[in-house]
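Understanding the architecture of this molecule
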Amino acid sequence: MIVTFILVAAVLVGATGLILGLFLGVASEKFKVEVDETEANVRAALPGNNCGACGFPGCDGCAKAIASGEAPVDQCPVGGPAVAAKIAAIMGTNASGEQADKKVAYVRCQGDCDKAKQAYHYTGIADCRDLSVVPNGSEKECPYSCCGYGTCVKACKFDAIHIVNGVAKVDKEKCVACGACVKACPKNIIAIVPYKKKHIVSCQNHLKGKQVKDSCSIGCIACGMCEKNCPFDAIHVIDGLAVMNDKCKDCGICAQKCPTGAITGKRPVKPAAPKAPAAAPAATEAKASAPAPAEKPAEQPKDTTSANA
């Protein structure tokens, strides 16, 4: 009797499993989602940071856009040329020119502890976002200056930004332009700029000239010297601050003319040209300066007395 119950139970369990297996097999075929093999391969080639620097919702969105042709193979700034080359091979294209448009983050402030005056000592939570809501929004006299408490450092996944003497500095070689530091900065003083850009207005102070001088020795005083001397109409003083536009040729004239050094990349002063050797004196002068020849002594008259004797 017991053996019969065991056999019946085994048959029932086996039949149930078979029926469920058949049902799941049919359902999987009927409701399966088609997977784009190209998209899957592109996704596997991406670094997987899901930082959103590419402009899409994570690496999945970026892979889908690249596979569908909506984005170029070098859309991922984190992967750089190496990842672009892999994706180009998957897509059957080339990844030429990816280095030309490389960009990096840049902190538009030079007001470190030596150049910016300190208003008070902050003793709250060591975070720029907390400091930005206190009076003046900074320990420094300049309310537009870098707080220097490293919120951008914490946001960077690539160890590309650090606080140096009270101001955030970006390591251009490590930066991948993901934009995490830009989003984290409560003062909006970090921007994404071309890697090769040499001359940048490194100040965000919109105060009046005297107020700028009283708060920071290297701030923009809106004197307009850069605007007056730019031959390309590439820089203008707007709302008390020099602002560059797309016409900039990176010639460096504005940096050279800036009296405070608020524009980075000041060109070195060229050494004075050596003086030309003095010209040889004229022939007449040479003759005049030469000693006069000695005069011949006058001839004495011959004595004829002895001859007549």
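Quick caveat: nothing in here was measured; it's all calculated off a predicted structure. (Residues numbered from 1 in each chain as written. Predicted model: local features only at pLDDT ≥ 70, side-chain atom pairs only at ≥ 80, totals over all residues. Heavy atoms only, no water.)

Next up on the list: helix H4 (residues 80-91). End to end, H4 covers 16 Å across 12 residues, agreeing with the expected 16 Å (1.5 Å per residue, within 8%). Val 83, Ala 84, Ile 87 and Ala 88 are the residues of H4 that are buried. One side of H4 holds all its buried residues, which, seen down the axis, span an arc of 140°. Set apart from the buried face of H4 by more than 90 degrees, the exposed residues are Ala 82, Lys 86 and Ala 89. Looking at the buried positions of H4, the neighbouring elements they touch are helix H2 (37-45) and helix H3 (58-67). Backbone geometry just after H4 places Gly 92 at a positive phi near 75°. (Helix = DSSP H or I, 4+ residues; strand = E, 2+ residues; numbered from the N terminus. Expected span 1.5 Å × (residues − 1). Buried < 20%, exposed > 50% of the residue type's maximum accessible area, 1.4 Å probe, protein only. Arc of directions from axis to C-beta. Contact = heavy atoms within 4.5 Å.)

Here the idea is plain: a probe the size of a water molecule rolls over the atoms and shows the empty space left. A complete count under the given rule lists six cavities of 30 Å³ or more for this structure. Taken as a whole, the largest cavity encloses approximately 110 Å³ of empty space. Forming the boundary of the largest cavity are 15 residues, of which Cys 109, Gly 111, Cys 142, Cys 203 and Cys 216 lie nearest the centre. (1 Å grid on protein atoms, 1.4 Å probe; cavity = no way out; pocket = protein on both sides within 12 Å on 5 of 7 lines; lining within 4 Å. Points joined across faces, edges and corners; volume = space filled by probe spheres on them.)

This brings us to the environment of Thr 151. Mapped onto the elements, Thr 151 comes out in helix H6 (residues 151-155). The spatial distance from the C-alpha of Thr 151 to the C-alpha of Cys 185 is 6.8 Å, given a sequence separation of 34 residues. Not counting residues up to four positions away in its chain, the partners in contact with Thr 151 are Asp 127, Cys 128, Arg 129 and Ala 184. Of the polar contacts made by the side chain of Thr 151, one reaches the side chain of Asp 127; its length is 3.3 Å. (Polar contact = N/O pair within 3.5 Å; in protein donor to acceptor, adjacent residues only side chain to side chain.)

Here we take up helix H1 (residues 2-31). Over its 30 residues, H1 runs 43 Å from end to end, which matches the ideal 44 Å to within 8%, given 1.5 Å per residue. Across the 30 residues that make up H1, only a small minority, one, are buried.

It is worth spelling out the layout of surface pockets at this point. What the second largest pocket holds in volume is close to 360 Å³. Counting residues per element, the ones that place at least two in the lining of the second largest pocket are strand E4 (190-194) and strand E6 (241-244). A total of four residues in the lining of the second largest pocket trace back to one element, the largest contributor, which is E6.

Viewed as axis vectors pointing N to C, H2 and H3 meet at an angle of 130°, and their least axial separation amounts to 8 Å. Between H2 and H3, the crossing angle belongs to the class labelled oblique. Viewed along their axes, H2 and H3 form a crossing whose handedness is right-handed. Within the contact between the two elements, H2 uses Thr 38, Glu 39, Val 42 and Arg 43 and H3 uses Cys 59, Asp 60, Ala 63, Lys 64, Ile 66 and Ala 67. (Axes fitted to C-alpha atoms, helices over the stretch in contact; angles between N-to-C directions. Parallel < 35°, antiparallel > 145°, perpendicular 65-115°, else oblique. Left-handed = near helix turned anticlockwise from the far one by under 90°.)

A few words now on a nonpolar patch on the surface. On the surface, a nonpolar cluster with roughly 520 Å² of combined accessible area is contributed by Met 1, Ile 2, Phe 5 and Ile 6. Its location among the elements puts Ile 2 in helix H1. The class for Ile 2 is exposed, based on a relative accessible area of 64%. (Patch = residues over 30% accessible without salt bridge, like charges linked within 9 Å, V, L, I, M, F, W, Y side chains within 5 Å. Areas by Shrake-Rupley, 256 points an atom, 1.4 Å probe, with all protein chains shown as cover. Salt bridge = Lys/Arg side-chain N within 4 Å of Asp/Glu carboxyl O.)

Attention now goes to the environment of Cys 230. Note that Cys 230 resides in the loop between helix H9 (225-229) and strand E5 (235-238). When the C-alpha atoms of Cys 230 and Ala 255 are compared, they prove to be 9.9 Å apart, with 25 residues separating the residues in sequence.

Let us look at the packing of aromatic side chains. Centre-to-centre distance and the angle between the planes together describe a pair of aromatic rings. On inspection of all chains with the given rule, the structure shows one aromatic pair. Centroid distance Tyr 122 to Tyr 149: 5.5 Å. Interplanar angle 80°. Geometry classified as edge-to-face. Of this pair, Tyr 122 sits in the loop between strand E1 (103-107) and helix H5 (128-131) while Tyr 149 sits in the loop between H5 and H6, placing them 27 residues apart in sequence. Given a relative accessible area of 15%, Tyr 122 falls into the buried group. Residue Tyr 149 is classed as partly exposed on the basis of its relative accessible area, which comes to 23%. (Phe/Tyr/Trp six-rings, centres within 6.5 Å; stacked < 30°, edge-to-face > 60°.)

Read these as layout, nothing more, since geometry by itself doesn't imply function.
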